[in-house]
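Listed below are the residues making up each chain.
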Amino acid sequence: RLRRIAIKVGGIPVLAEIAAAPAERQRGLMFRSSLGADEGMLFAFPAPEVQAFWMKNTLIPLDVGFFDSDLHLIIVRTMEPDDGASTHSSVEPALYALEMNKGWFAKKSLRKYSKLELPEPIRGL
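These numbers come from a predicted model, not from an experiment.

This next bit is on the overall build of the protein. In terms of helices and strands, the protein carries two helices and nine strands. Listed N to C, the secondary structure of the protein is β-β-α-β-β-β-β-β-β-α-β in terms of helices and strands. Rg of the C-alpha trace for the protein: 13 Å, near the compact-globule value of 14 Å for 125 residues, within the 12% margin. Residue burial in the protein is summarised as follows: out of 125 residues, 46% are buried. Within the protein, contacts between residues at least 6 apart in sequence are counted, and of these 69% link residues at least 24 apart. Looking at the protein as shown, the accessible area adds up to about 6300 Å², and 53% of this sits on carbon and sulfur atoms. Measuring between centres, the 16 positive side-chain charges of the protein sit 3 Å from its 15 negative side-chain charges.

Definitions and limits used
- Residues numbered from 1 in each chain as written.
- Predicted model: local features only at pLDDT ≥ 70, side-chain atom pairs only at ≥ 80, totals over all residues.
- Heavy atoms only, no water.
- Helix = DSSP H or I, 4+ residues; strand = E, 2+ residues; numbered from the N terminus.
- Rg over C-alpha atoms; globule rule 2.2 N^0.38 Å.
- Buried < 20%, exposed > 50% of the residue type's maximum accessible area, 1.4 Å probe, protein only.
- Contact = heavy atoms within 4.5 Å.
- Areas by Shrake-Rupley, 256 points an atom, 1.4 Å probe, with all protein chains shown as cover.
- Lys, Arg positive; Asp, Glu negative; His and termini not counted.
- Charge placed at Lys NZ, Arg CZ, Asp CG, Glu CD.

Spelled out as C-alpha cells, the structure:
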C-alpha cells in the first residue's frame, strides 16, 4: 500500500494514495476490485507535461482529473476497463492526476479550474 494523505478538490475532501515514483505511477490502481467513495490515487509527476493514462489490468471504471502546476483542474477523462487499448490524455501539461471512481467529479460538480489543495508539497520522482 502507498502512503495516504487527506487532500481536497474544490474544497471536497479526498483520501488519496500518493503515486510519486515511476513504478508506483505505472502500477496505479491495477488489479483493484473497488475504491472507496471519496478515495483515490494522486499521481505526482516531476515536471508538467502532457500526461497519458491507460487502463491496463484495471478492473474498475475511473475518472482521471488532470491538474496543472497552479493546481487547477484542466480536464476530466472517463476511463473504462479495456486492458490498455485506449489512452486518455491531459491535452495540456499536467503536474498531477487524480484517479477517482467513475462519475465522482461530475457528482461533486467539479469543473475546469477547480483547485487541488495539498497539505504539503508533493513532487514526482
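Right, picking up where we left off after that structure.
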